[in-house]
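Residues per chain are reported as follows:
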Amino acid sequence: QVQLVESGGGSVQAGGSRRLSCQVSGNTSRLKRLGWWRQAPGKQREGVASLYISDGTEYYADSVKGRFAISQDSTKTTVYLQMNNVKPEDTATYFCAASLPRVRPMSDGGLNNPQRWDYWGQGAQVTVSS
């Protein structure tokens, strides 16, 4: 019903920058939030950043505040994650996600509960070398 395809993964040196992209397609008219999650081997999936589609309100995990930025293009067919000043701890598979409206709105940008997100991409690997 909704398809999310990430691109832009790869290797980057610590302190460098990388931009991930996510193409959003399908039945997108009712989507309310878009976000980025990441999962490193042996770790839980972590909410990184999200935005509210209607007004662009952004939310970030404390671990990436001031370094990462989420944005959406003018056609709302692509969501980006600009990663600046990357750290080795940022190494993970990054997933694009989308959520439908909820009777009970998500708190903290929905970054605290992956089960409340409805659609997921297949992931893009980002490796940060020191």
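You'll find the structure just up there.
Residues numbered from 1 in each chain as written. Predicted model: local features only at pLDDT ≥ 70, side-chain atom pairs only at ≥ 80, totals over all residues. Heavy atoms only, no water.

K.L.:
Can you break down the side chain of Arg33 residue by residue, with the values?
P.N.:
Its place among the elements puts Arg33 in strand β4 (residues 33-39). Asp55 provides the closest opposite charge to the buried, unpaired Arg33, separated from it by 7.1 Å. Not counting the four nearest positions on each side in its chain, Arg33 is found in contact with Ser50, Leu51, Tyr52, Ile53, Tyr59, Ala97, Ala98, Ser99, Met106, Gly109 and Trp117. (Helix = DSSP H or I, 4+ residues; strand = E, 2+ residues; numbered from the N terminus. Buried < 20%, exposed > 50% of the residue type's maximum accessible area, 1.4 Å probe, protein only. Lys, Arg positive; Asp, Glu negative; His and termini not counted. Salt bridge = Lys/Arg side-chain N within 4 Å of Asp/Glu carboxyl O. Contact = heavy atoms within 4.5 Å.)

K.L.:
Quick rundown of the pairing of strand β1 (residues 2-7)? Include the residues and the values.
P.N.:
The alternating pattern of β1 places Val2, Leu4 and Glu6 on a buried face and Gln3, Val5 and Ser7 on a face that is not buried. One ladder, built from six bridges, connects β1 with strand β3 (residues 18-26); its direction is antiparallel. The residue of β3 that forms the bridge with Val2 is Gly26. (Pairing = 2+ DSSP bridges.)

K.L.:
With reference to specific residues and values, describe the nonpolar core.
P.N.:
Side chains that are nonpolar tend, in soluble globular proteins, to be buried together. Ranked by size, the top nonpolar core spans 30 residues in total, and within it Trp36, Val79, Leu81 and Tyr94 carry the most contacts. Here this core gets four residues from one element, more than from any other, and that element is strand β9 (residues 92-99). (Core = buried A, V, L, I, M, F, W, Y, C linked by side-chain atoms within 4.5 Å.)

Note that all results are geometric; they support no functional claim without further evidence.
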